[in-house]
Amino acid sequence: MMKKTLAVGAAAVAVSLTLAGCASGPDTQNVKTDFGVTATTITLGAISDTSNIYKASAPSIVAGNEIYFADRNKNSPICGRQVVIDTQDHASDNAKVVTLFQAMEPNILAMAQILGSPQQAAVQPAVAAAGVTAVLGGWSSTALVTPSSPNNKFYVLTGTTYPLDIINGLSWLQDSGKIKKGDNLGYLNVPGGFGADGFAGGKFFAEQAGYTMNQTVLAGTETDLSAQVNALLAKN
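Residues numbered from 1 in each chain as written. Predicted model: local features only at pLDDT ≥ 70, side-chain atom pairs only at ≥ 80, totals over all residues. Heavy atoms only, no water.

Novice: Break down the pairing of strand 2 (residues 82-89) for me, with residues and values.
Specialist: Where strand 1 (residues 41-48) and strand 2 come together, 8 bridges link them in parallel fashion. Opposite isoleucine 42, over in strand 2, you have valine 83 as the bridge partner. Of the crossover connections in this fold, the one passing from strand 1 over helix 1 (residues 58-75) to the parallel strand 2 is right-handed. (Pairing = 2+ DSSP bridges. Helix = DSSP H or I, 4+ residues; strand = E, 2+ residues; numbered from the N terminus. Right-handed = clockwise from strand over helix to strand, strands pointing away.)

Written as structure tokens, this is what we have:
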């Protein structure tokens with residue numbers, strides 16, 4: 001049986017930042033509680049990375065969660081309740097993200113954020129087992145629902161996947177006359193949820209549109225990519 005029914009009366013969470021349903025004249029006295037929901041609060045989880053690989057971008061994503069719900073709590077409370085976000089730092093540690101999720105899961109209704117494709121993949125079995133809806137801070141196509149990954153149905157992607165982003169970007173360059181059929185294209189690839197996934201999109205575009213795609217695999221620790229960029233430029 002699925003633990004998180006998300007049937008908190010009209011406070012059911014789609015967690016695409018649209019926790020909604022009771023917004024217009026709720027009968028807050030008759031709304032039932034659930035995991036992470038009391039008579040006065042709705043608690044969401046967020047597992048980010050504010051100390052390691054994503055520390056440059058994570059604070060703005062965390063702030064986005066907080067700003068949205070601060071405004072919602074003030075101007076349009078959900079079923080008369082205040083949303084509280086329990087934010088934790090996984091530090092890009094795949095084992096830690098699972099431990100953090102398992103610790104917070106009994107006390108939350110849903111996840112407002114899980115940041116990082118590797119961490120999303122690592123915690124996915126636990127999220128699916130608990131039946132928790134989770135918004136992803138990342139857009140890897142590996143998080144899509146497929147016949148081999150049916151339990152990804154608990155994950156909410158709020159943007160275009162990485163392969164489509166790359167295809168769209170290259171299409172714009174072609175339409176703008178900045179690249180043309182027969183050109184060599186370069187791709188600096190940091191292996192992982194973004195690098196490999198994005199490259200798949202670039203490779204598909206190149207094959208379909210008549211380009212040659214050249215990739216340089218990086219370690220991810222480089223501080224100067226001049227040599228790699230010049231080597232790719234030399235192929236044209």
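Moving on from the model shown.
Novice: Run through helix 3 (residues 117-130), naming residues and quoting values.
Specialist: Here helix 3 contains 14 residues, and its C-alpha end-to-end distance of 19 Å stays within 8% of the 20 Å for a straight helix at 1.5 Å per residue. Roughly 50 degrees is the biggest bend found in helix 3, and it falls at valine 123, with proline proline 125 one to four residues downstream. Within the sequence span of helix 3, burial applies to Ser117, Gln119, Gln120, Val123, Gln124, Ala126, Val127, Ala128 and Ala130. Looking at the buried residues of helix 3, the elements they touch are helix 2 (94-104), strand 3 (110-115), strand 4 (134-137), strand 5 (155-156) and helix 4 (162-175). Immediately downstream of helix 3, the backbone of glycine 131 shows phi near 70 degrees, a positive value. (Expected span 1.5 Å × (residues − 1). Bend = angle between axes of the 7 residues up to and from the residue. Buried < 20%, exposed > 50% of the residue type's maximum accessible area, 1.4 Å probe, protein only. Contact = heavy atoms within 4.5 Å.)

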